[in-house]
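Here's the letter readout for the chains.
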Amino acid sequence: MNATTGMTGPPSTQLQRTVFTRIGEFCTRHRRALLVGWLVFFVVGIVVGGQVFGHLKDSNGSSSSESVRGFNLVDDAVNHGADMVAVIDGAPVDDPATRTAVGAAADRVAKVKGVVDVETAYTSDDPQLRAVDGTASLMVISTVKTAEPEPSVIKQEVTDVRDVLKGSVPGATVKVGGELAVVYDGASTASSDLAKGELIVLPILLLALLLIFRGVRAALMPLAGALVTIAGALLLLRGITGFVNIAGYAVDVVVLFGLALSVDYSLLMVNRFREERGAGYDPHQAVVRTVNAAGRTITFSSLTVMAALAGLFAFGDPTFTSLAIGGIATALLALVAGLFLIPTLLTVWGAKIKPAAQAQADDGGFGRLARRVQRHPALVAGACAVGLVALAAPFLSVNYGNGDPRLLPASYESRAVADTLLDRFPGRQAEPIKVVAERTATDPAVVAYANRIRNFSGVQSVTIDTSLPGGLSSIDVIATGTTQGDTAKDVVKTLRDNRPSYPTYVTGSAAFLIDFQHTITSRLPWALLLIAIATFVLLFLMTGSVLVPLKALVMNVLSLGATFGALVWIFQQGHLSGPLNFDAFGAIELWVPIVVFVFAFGLSMDYEVFLLSRIKECYEECGDSNRAVATGLQRSGRIITSAGILVVIVFAGFSLGSNLGIKEMGVALAVAVVIDVTIVRCLLVPATMTLLGDKNWWAPPPLRRLHNRFGLHEPASADLRERIPAQADSVDDVVHLAAPVVKS
């Protein structure tokens, strides 16, 4: 009996008793209780966590920005909530029959629960409620004001109004849009895209896993880890909605990322288990050794992912903060599933999982590729760097949007209404630029300033809102073009540069975009610094090197730059609009690059940890840096490539969604993974590490001592342990005795 592990076996199977060996032993001893616990957790996550879609709400951004302060000033003063706008198109506006039908429809809408006012072209003197050609008119529907409107209430109000107006005017098509409808349609796309993505992704994912592992049980384990992580992510987000606002896209992002991480970690654990079984260990011994080896790797990987996500806190935006909390919790969930669920399933099914075939570690396609790269490392590194910079070039012309209705598919009513307002009611855009002041609308200074604004470049029309109470005024400015176009943003800047003699707040959609962009750019350096420091520390603890973490950060910047260039080329410039089924409108959603950067950076460090852990392991075995690079890539190349393929399948499935923001994110993350597992891991890493040679592992003596005490020391791989003398009683003995065996 082995006193260290409590298992029978040859002396070479003994391990130092660490937290990871204890986790492995715990999973083997309590497998039935753990399986029941995970099943209950999954059911609760689906049932309770699935309710998160009824509690999603976008935030207005930082309350310190001028646009938010102006919006809040008006919002606090008015006695009604957001508006809906119905377009009645196809019937002559002046036709008595049309007038009668519209009046009757307005009366029915006024009786809908939550509606407080209805205004039509026949009850208002506003000429902007009529189309110039006389064949269309607008109905403006105001709803009751609530402090925090529940998504379920918004859904009920929008669907009730649409039901009442459907077919209400003979000979006309009636569509309902406006602010409230855009919010509802955006939330509905989030839930439908998530469901559609899972339905598409999971079967393909299972098929790909079957091809990779050539066994049903081994293939089901990453899928089980993914399902549990999804359920847990939904449950966590449902809890977070009780404290902060969660945007609709945040659910897709967190669930998508949790799915990718759980697949990565499960794949690594199952692959390592098959290696241990191939080395001759029984299932229980193999589980303990798997957790002791791969468990360390996925723990450091998860920590680097969390460090990247922590960068979102630096922006101070409620939605980014909630996304960071949800993402960190999801990464932790994926780690817990990798450490406890997968080993438990391996204990139950391990005897029926086919062991990995034994082969020399440095033989194989990835090892040969590394050695080819090592013949001309400077040429390969230079070519890769130049190529990635060239791919990043389109990002220099990036243009942003924020919550534009055109993110929705053309088939959605709110998108159709927004397009109609732009084309046929240019003076009645859903989101005018507002100049808000604590002065009455009849104040001569307000009137004079409104007349002055009419002469500003890019201004199409100016009206003074006389309905605001409490001594407030709002000058509504309509710019030519779209509500968030270049002209609208120029008008906002002009208004802020040419203020009247009294204090004003410039708000509206274009102002929100400008302020949000300013918040991001001003706080981005702090976010990058936080991510860089945390990542550097973690990679140093894993490798004991100062240069390897710095090199990893530089390569990630190059890789992500190329990803952003592809994002602009595809979505802003619209080069793949046909195959990807979207309408380009010259901008990308502002939050997408930030979210893609953080999550793609996390995934990239995920693969970096997978690769470096094997290279470091090989270097400790043989002491030859070049050989360690080739051997490490051979040992990890297949698993990294397999993980990359599976993650691309996940992201590609969600890119088929209808919401353009989610589609942008899915495609960008898929591109990031493809670049990372091909150009970066297979070419750049071997080339740069070959150029540095033994300098890869350099660190000042104080940091070296720090690493010796607190760093990660990976146990030797299973295929090498078979060749190590039997007197190796611990991980340290394995490392000490490995080098002469390899050199022999």
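Here is what the cut-offs are and how they apply
Residues numbered from 1 in each chain as written. Predicted model: local features only at pLDDT ≥ 70, side-chain atom pairs only at ≥ 80, totals over all residues. Heavy atoms only, no water. Pairing = 2+ DSSP bridges. Helix = DSSP H or I, 4+ residues; strand = E, 2+ residues; numbered from the N terminus. Axes fitted to C-alpha atoms, helices over the stretch in contact; angles between N-to-C directions. Buried < 20%, exposed > 50% of the residue type's maximum accessible area, 1.4 Å probe, protein only. Salt bridge = Lys/Arg side-chain N within 4 Å of Asp/Glu carboxyl O. Patch = residues over 30% accessible without salt bridge, like charges linked within 9 Å, V, L, I, M, F, W, Y side chains within 5 Å. Areas by Shrake-Rupley, 256 points an atom, 1.4 Å probe, with all protein chains shown as cover. Lys, Arg positive; Asp, Glu negative; His and termini not counted. Charge placed at Lys NZ, Arg CZ, Asp CG, Glu CD. Phe/Tyr/Trp six-rings, centres within 6.5 Å; stacked < 30°, edge-to-face > 60°.

1. Concerning the sheet that holds strand β7 (residues 459-465)
Pairing between the strands of a sheet is mediated by backbone hydrogen bonds and can be parallel or antiparallel.
Argument step 1. Strand order in this open sheet of four strands is β7-β8-β6-β9, and the pairing throughout is antiparallel. Across the chains shown, the open sheet's two edge strands, defined by having one partner strand only, are β7 and β9 (505-507). Sheet twist, expressed as the average angle between the axes of neighbouring strands with direction ignored, equals 20 degrees.
Argument step 2. For strand β6 (residues 433-437) and strand β8 (residues 473-479), the ladder comprises five bridges, and the chain directions are antiparallel. Paired with Lys-434 across the two strands is Asp-476, which belongs to β8.

2. What to know about the environment of His-55
Argument step 1. On the secondary structure map, His-55 appears in the loop between α2 (31-49) and α3 (66-77).
Argument step 2. Judged by relative accessible area, His-55 falls into the partly exposed class, the value being 29%.
Argument step 3. Here the alpha-carbon distance between His-55 and Ile-240, two residues 185 residues apart in the chain, equals 10.0 Å.

3. Focus on the pattern of salt bridges
Argument step 1. Enumeration over the complete set of coordinates arrives at 20 salt bridges.
Argument step 2. When the shortest N-O distance is used, the salt bridge between Asp-583 and Arg-415 registers 3.7 Å. Separated by 168 residues along the polypeptide, Asp-583 in the loop between α18 (577-580) and β10 (588-589) and Arg-415 in helix α13 (residues 413-424) bring together distant segments of the chain.
Argument step 3. With its nearest N and O atoms 3.8 Å apart, the salt bridge here joins Lys-489 to Asp-486. Taken together, the residues Lys-489 and Asp-486, both in helix α15 (residues 486-497) and three residues apart, mark about one turn of the helix.

4. So, a positive patch on the surface
Argument step 1. Together, Arg-368, Arg-371, Arg-372 and Arg-375 give the surface a local cluster of positive charge.
Argument step 2. Within the secondary structure, Arg-368 sits in helix α11 (residues 365-375).

5. A few points about the side chain of Ser-301
Argument step 1. With respect to the element layout, Ser-301 can be found in helix α9 (residues 283-310).
Argument step 2. Judged by relative accessible area, Ser-301 falls into the buried class, the value being 0%.

6. Things to note about the packing of aromatic side chains
Argument step 1. Per the counting criterion, the structure on display carries 11 aromatic pairs.
Argument step 2. With a centroid separation of 6.0 Å and an interplanar angle of 65 degrees, the aromatic rings of Phe-71 and Phe-512 are classed as edge-to-face. Here Phe-512 lies in helix α16 (residues 509-543) and Phe-71 lies in helix α3, a separation of 441 residues in the sequence.
Argument step 3. The partly exposed category is assigned to Phe-71, whose relative accessible area is 26%.
Argument step 4. Given a relative accessible area of 18%, Phe-512 falls into the buried group.
Argument step 5. Between Tyr-619 and Trp-697, the aromatic rings sit 4.9 Å apart at their centres with planes inclined by 25 degrees, giving stacked as the arrangement. Taken as a pair, Tyr-619 in helix α19 (residues 591-622) and Trp-697 in the loop between α21 (660-692) and α22 (701-710) lie far apart in primary sequence, 78 residues in all.

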